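# Coordinate inspection notes
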Amino acid sequence: MPEYNIQMVDLKGQYTKIKEQVDKAIFSVIDSTAFIKGPEVKAFKEELENYLKVKYVIPCGNGTDALQIALMALGLKSGDEVITANFTFAATVEVIGLLNLTPVFVDVDKATFNINVEALEKAITPKTKAIIPVHLFGQCANMEAVMNIAKKHHLFVIEDTAQAIGADYTFSNGDIKKAGTIGDIGTTSFFPSKNLGCYGDGGALFTNDDELGKRLEAIVNHGMYQRYYHDEIGVNSRLDSIQAAILRVKLPHLDSYSAARKKAATYYNNAFADIDQIETPVIDQQSTHVFHQYTLKLNGVDRDELVLFLQEKGIPAMVYYPVPLHQQKAYVRPEFKDENYPITMELCKSVISLPMHTELDDEQLKYITESVKEFFK
Ligand SMILES: *Cc1c(COP(=O)(O)O)cnc(C)c1O
């Protein structure tokens, strides 16, 4: 086995390149002792607002909190229905349940793995109040259709941008917007392995709406609009100053990180182009893809066998996600039937994600792709 030390995500390699600035940023926060709500948090908030071209960024504790806080800000009541995709990470649905709202799952699109907009419109009932499209694996859901449906049925849209920060979405009139700045609220996560990751937990909300901006800022801070006046029940969810300082070092690199991921994805795509049993990622014309994950669909292949084969060669591979949400014990309901989710069911059985990060070099990519090809010989 060659000494490549291939990882799904190489946080150490990325850190090594920016170590000097990161270390300095961390120590200057310690030196200032402004650990909570320090100037670094405010500076990061403003820099991210500029990057995303959005009116308000509200930093918070993590991406799951961000989703919960977004739903809290919409003033929904118990039993209101919130529609989301069945093929995603559980955080999205968890917070719907926590707030006593009713999750409604819809199937995903066969090509992009993002929410299927026909299924979405069919799932709308008089109780539906919000839609949470997830920009899965790094490319935007069909936001043009989602926004049209939302407008027609008077629904809120919360974009879960945990996997797609930095992606651009182009509307058919030529308008270009950053993922997370299209719906009423966008949410993201700065979990270390996300495309813009800090060195612990972190998250943020985005909005262009003045009212929502104010409300989100209050909810993250115990429902305080004025110090020690609690107008509503909020939460305590903060991005700490050390994490903000690290993110300030990393944000200027985000576009080059996205480019590095795209370059690796292109290498993979070219290498696998003539393997019949592999479907490489399909890129939606209206969205750029920032490749949070590089996910293949396998046809007629024993996936476990491939994972094992790669493992023996020192190549990690992961399955995101092996179980559809409607089958998870926490969320099963009699009305969620397997036959309503044919694409999700198929994807859970057939997808596999290969190493994807900013530090993959041609030597590693060559080794990984040749190993995969060897399996299919
Ligand atoms: C990572 C992730 C989250 C949760 O983020 P945390 O910061 O870990 O709470 C939510 N939604 C999606 C789609 C994610 O990938």
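Along each chain, residues carry numbers from 1 onward, in the same order as the chain's sequence is written. Per-residue local features are limited, in this predicted model, to residues with pLDDT of at least 70; the limit for side-chain atom pairs, both in listing and counting, is 80 or more; totals at the level of whole chains, interfaces and linings are taken over all residues. Derived side-chain values reflect all non-hydrogen atoms in the structure, with water molecules and hydrogen atoms excluded from consideration.

## Thoughts on the state of the cysteines
Throughout this description, disulfide means a covalent bond between two cysteine sulfur atoms. Only a pair of cysteine sulfur atoms within 2.5 Å qualifies as a disulfide here. Counted under the stated rule, the structure contains 0 disulfides. Here cysteine 60 stays unpaired: no disulfide links it, and the sulfur of cysteine 198, its closest cysteine neighbor, is 11 Å away.

## Considering the pairing of strand β14 (residues 351–354)
Burial of the side chains of β14 extends over both faces: Val351 and Ser353 are buried on one face and Ile352 and Leu354 on the other. Two strands pair under a simple rule: DSSP has to find at least two bridges between them. Numbered from the N terminus, helices here are DSSP runs of H or I no shorter than four residues, and strands are runs of E no shorter than two. Sheet topology places strand β13 (residues 294–298) next to β14; 4 bridges connect them, and they run antiparallel. Bridge pairing in β14 places lysine 297 opposite valine 351. Only protein chains enter the accessibility calculation, which uses a 1.4 Å probe. A residue is then buried if its area is under 20% of the maximum for its type, exposed if over 50%, and partly exposed in between.

## A short note on the packing of helix α3 (residues 63–73) against helix α4 (residues 91–98)
Contact geometry for α3 and α4: axes closest at 9 Å, N-to-C directions at 40°. Taken as axis vectors, α3 and α4 run oblique relative to one another. In the packing of α3 onto α4, the handedness of the crossing is right-handed. Between α3 and α4, the residues in contact are Thr64, Leu67, Gln68 and Leu71 and Ala91, Thr92, Glu94, Val95, Ile96 and Leu98, respectively. In the contact of α3 with α4, the residues fall into 6 nonpolar, 3 polar and 1 charged. Angular values range over 0 to 180 degrees, each being the angle between N-to-C directions of two axes fitted as lines to C-alpha atoms, with helices fitted over their stretch in contact. An angle below 35 degrees is read as roughly parallel, one above 145 as roughly antiparallel, one from 65 to 115 as roughly perpendicular, and any other as oblique. Crossing handedness follows the turn of the near helix against the far one: under a right angle anticlockwise gives a left-handed crossing, and clockwise gives a right-handed one. Note on contacts: a residue pair qualifies if any of its non-hydrogen atoms lie within 4.5 Å across the two residues. Amino acid classes used here: Ala, Val, Leu, Ile, Met, Phe, Trp, Tyr, Cys and Pro are nonpolar; Asp, Glu, Lys and Arg are charged; the rest, including Gly, are polar.

## Some remarks on the sheet that holds strand β3 (residues 102–106)
The 7 strands lie next to each other as β1-β9-β8-β5-β4-β2-β3, forming an open sheet whose pairing is mixed. Unpaired on one side and paired on the other, β1 (56–60) and β3 mark the two borders of the sheet. On average, each strand axis in the sheet is inclined to that of its neighbour by 25°, with strand direction left out of account. Packing of helix α7 (residues 210–219) onto the sheet brings it into contact with β1, β8 (185–189) and β9 (203–207), and relative to β1 it is tilted by some 15°.

## Some details on the environment of asparagine 173
Structurally, asparagine 173 is set in the loop between β6 (168–170) and β7 (176–178). In this structure the C-alpha to C-alpha distance between asparagine 173 and glycine 97, which are 76 residues apart in sequence, comes to 37 Å. By the criterion applied in these results, polar contacts are pairs of N or O atoms within 3.5 Å in which, for protein atoms, one can donate a hydrogen and the other can accept it, and in which residues neighboring in sequence qualify only through two side-chain atoms. Among the polar contacts made by the side chain of asparagine 173, one reaches the main-chain amide nitrogen of aspartate 175 at a distance of 2.8 Å.

## Here's the deal with the sheet that holds strand β12 (residues 278–279)
Each strand in a sheet pairs with another by means of backbone hydrogen bonds, the pair being arranged parallel or else antiparallel. Read across the sheet, 3 strands follow the order β12-β13-β14 without closing on themselves; strand pairing throughout is antiparallel. Each of the sheet's edge strands pairs with one partner strand only, and the pair in question is β12 and β14. Sheet topology note: the β12/β13 ladder contains 2 bridges and is antiparallel. The residue of β13 that forms the bridge with isoleucine 278 is leucine 298. Across the sheet, helix α10 (residues 303–312) is in contact with β13 and β14; its angle to β14 comes to roughly 15°. Against the sheet, helix α11 (residues 342–350) engages β13 and β14, with an angle of about 100° to β13.

## Concerning a nonpolar patch on the surface
Each patch is built from residues that are more than 30% exposed by relative accessible area and take part in no salt bridge. Like charges join if they lie within 9 Å; nonpolar side chains (Val, Leu, Ile, Met, Phe, Trp, Tyr) join within 5 Å. Computed with a 1.4 Å probe, the accessible areas rest on the Shrake-Rupley method; for each residue, only the protein chains presented here act as cover. Salt bridge, as used here: a side-chain nitrogen of Lys or Arg that lies within 4 Å of a carboxyl oxygen of Asp or Glu. Side chains of Phe27, Ile30, Phe35 and Ile36 sit close together on the surface and give an oily, nonpolar patch of about 390 Å² of accessible area. Locating phenylalanine 27 in the fold gives a position in helix α1 (residues 11–32). Judged by relative accessible area, which is 57%, phenylalanine 27 ranks as exposed.

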